[in-house]
There are 2 protein chains.
Amino acid sequence: MLSGKFAITIHILTLLNKFPNDYLSSEYIAGSINLNPVLVRKEIANLKAHHIVESKEGKNGGTKLAVDSSKLTLKEIFEMTFETINLGYAKNQPNPDCPVGKKINENLDALYADMNQKVSTQLQGISLEDFSNQF
Amino acid sequence: MLSGKFAITIHILTLLNKFPNDYLSSEYIAGSINLNPVLVRKEIANLKAHHIVESKEGKNGGTKLAVDSSKLTLKEIFEMTFETINLGYAKNQPNPDCPVGKKINENLDALYADMNQKVSTQLQGISLEDFSNQF
DNA sequence: CATACTGTAATAAAATATGTTACAAATGTA
DNA sequence: TACATTTGTAACATATTTTATTACAGTATG
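Residues numbered from 1 in each chain as written. Chains lettered and ligands numbered in written order. Predicted model: local features only at pLDDT ≥ 70, side-chain atom pairs only at ≥ 80, totals over all residues. Heavy atoms only, no water.

- Looking at an unreviewed UniProt entry, chain A carries the name Rrf2 family transcriptional regulator, with the source organism given as Flavobacterium soyae.

See the structure below:
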């Protein structure tokens, strides 16, 4: 559930924000992340689905930001690349005949919902521009 | 890095807290979680290393809480089962010749450090007893 | 029309998580 | 003492997820 998606996506967006007038190729972006270009294109597909970037096919094609980086927050990026943050669940269905087993996931859910609230508040306060300005 | 460890561990501890006078067997605990007993014993080994539980080998053996559940916080459980919370890193080493690649992990680290701070504060406010009382 | 891209599917490889088997050692109990 | 039950732990097996690769059709540029 946790993977490198958020990190990769924010890396892509930071690069796009550094070159707001250029269409960057997946090959170029992949070179900065040190990642396979196909995986970059997959994350870009996700960003496109959320109308955060636009791409141009064909020669000299590539991708550029389609939104104002001061208005895009890390919370939105988080939500595009993660469902929620949590500390995991036991994978198997716990025993419904045990009072603890029966309610454990419900109680973990409540705990994790609070965590998400706190993390979301933090991330909402940081724009892509803010993040990008650190470089 | 994220797995079911936290969930499994808190499940174990909740059970132990429900039966504070009994040594529960890994078999019994595994039945509630619906997990292999060996994996339960592995998590218990971790708890023992932190002096949270004590075990008795041999017939009628098992594990029981060794601490006051009102004093053990979820933060401590979190730290025993996770290093930190984060939204991941690109797995490969980013390109050090790119200004973004060179600093991306450092900047993500700073972001995640803040997240951990917030999550830790939340978890510190919840004791095992509090959690267990929800069942 | 050659070139350089995106988009996407199919497949492979690697990494991680979970499960199983096995058995020595400990301990209670008949 | 002999037996049954349980922990502790290692070794191995399987499943799942993540990451990488290959391939190629489609699109735009010059």
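### What about the interface of chain A and chain B?
- Contacts between chain A and chain B engage 50 residues on the former and 49 residues on the latter.
- With both chains or domains summed, chain A and chain B bury close to 3900 Å², and 71% of this area falls on carbon and sulfur atoms.
- For the pair chain A and chain B, the interface holds 0 salt bridges.
- Considered class by class, the residues forming the side of chain A that touches chain B number 30 nonpolar, 16 polar and 4 charged. (Contact = heavy atoms within 4.5 Å. Buried area = accessible area lost by both parts, 1.4 Å probe. Salt bridge = Lys/Arg side-chain N within 4 Å of Asp/Glu carboxyl O. Nonpolar A, V, L, I, M, F, W, Y, C, P; charged D, E, K, R; others polar.)

### Thoughts on the environment of Val 67 of chain B
Residues and elements named next belong to chain B.
- As for its position among the elements, Val 67 is in the loop between strand 2 (62-65) and helix 4 (74-81).
- Along the chain, Val 67 and His 51 lie 16 residues apart, while their C-alpha atoms are 8.0 Å from each other.
- Beyond its immediate sequence surroundings of up to four residues, Val 67 is in contact with His 51, Ile 52 and Leu 72. (Helix = DSSP H or I, 4+ residues; strand = E, 2+ residues; numbered from the N terminus.)

### Points about the packing of helix 1 (residues 5-18) of chain B against helix 2 (residues 26-33) of chain B
Residue and element names in this part refer to chain B.
- Interhelical geometry of helix 1 versus helix 2 gives an angle of 120° and a closest axis separation of 10 Å. The interaxial crossing formed by helix 1 with helix 2 has right-handed handedness. Together, Ile 8, His 11, Ile 12, Leu 15 and Leu 16 of helix 1 and Ile 29, Ser 32 and Ile 33 of helix 2 make up the contact between the two elements.
- Tallied by class, residues from the contact of helix 1 with helix 2 come to 6 nonpolar, 2 polar and no charged. (Axes fitted to C-alpha atoms, helices over the stretch in contact; angles between N-to-C directions. Left-handed = near helix turned anticlockwise from the far one by under 90°.)

### Looking at unusual backbone geometry
- If you check the backbone angles, Asn 60 of chain A has positive phi at about 60° while not being a glycine.
- Here His 51 of chain B, not a glycine, exhibits a phi torsion of approximately 60°, which is positive.
- Position of His 51 of chain B among the secondary structure elements: in the loop between helix 3 (37-49) and strand 1 (53-56).
- Classification of His 51 of chain B by relative accessible area gives exposed; the value is 61%. (Buried < 20%, exposed > 50% of the residue type's maximum accessible area, 1.4 Å probe, protein only.)

### Re the relation of the copies chain A and chain B
- Mapping chain A onto chain B calls for a screw motion: a turn of 180° about the axis and a shift of 0.0 Å along it, with 0.1 Å RMSD after fitting. Taken together, the rotation and translation describe the operation of a two-fold axis.
- Of the interface residues in chain A, 98% have counterparts in chain B that sit at the interface too, so the contact is made through matching surfaces. (Least-squares fit on C-alpha atoms with pLDDT ≥ 70 in both.)

### Some words on the protein's contact with DNA strand C
- Contacts to DNA strand C come from 29 residues, most closely from Ser 26, Arg 41, Lys 48 and Asn 92 of chain A together with Leu 35 of chain B.
- Atoms of DNA strand C within 4 Å of the protein belong to the sugar or the phosphate in 63% of instances, the rest to bases.
- Contact between DNA strand C and Lys 59 of chain A: a base nitrogen at 3.3 Å from a main-chain N or O atom of the residue.
- For the surface near DNA strand C, the elements supplying multiple residues, two or more each, are helix 3 (37-49) and strand 1 (53-56) of chain A together with helix 3 of chain B.
- For the surface near DNA strand C, the residue count by class is 7 nonpolar, 12 polar and 10 charged. (Near = heavy atom within 4 Å. Polar contact = N/O pair within 3.5 Å; in protein donor to acceptor, adjacent residues only side chain to side chain.)

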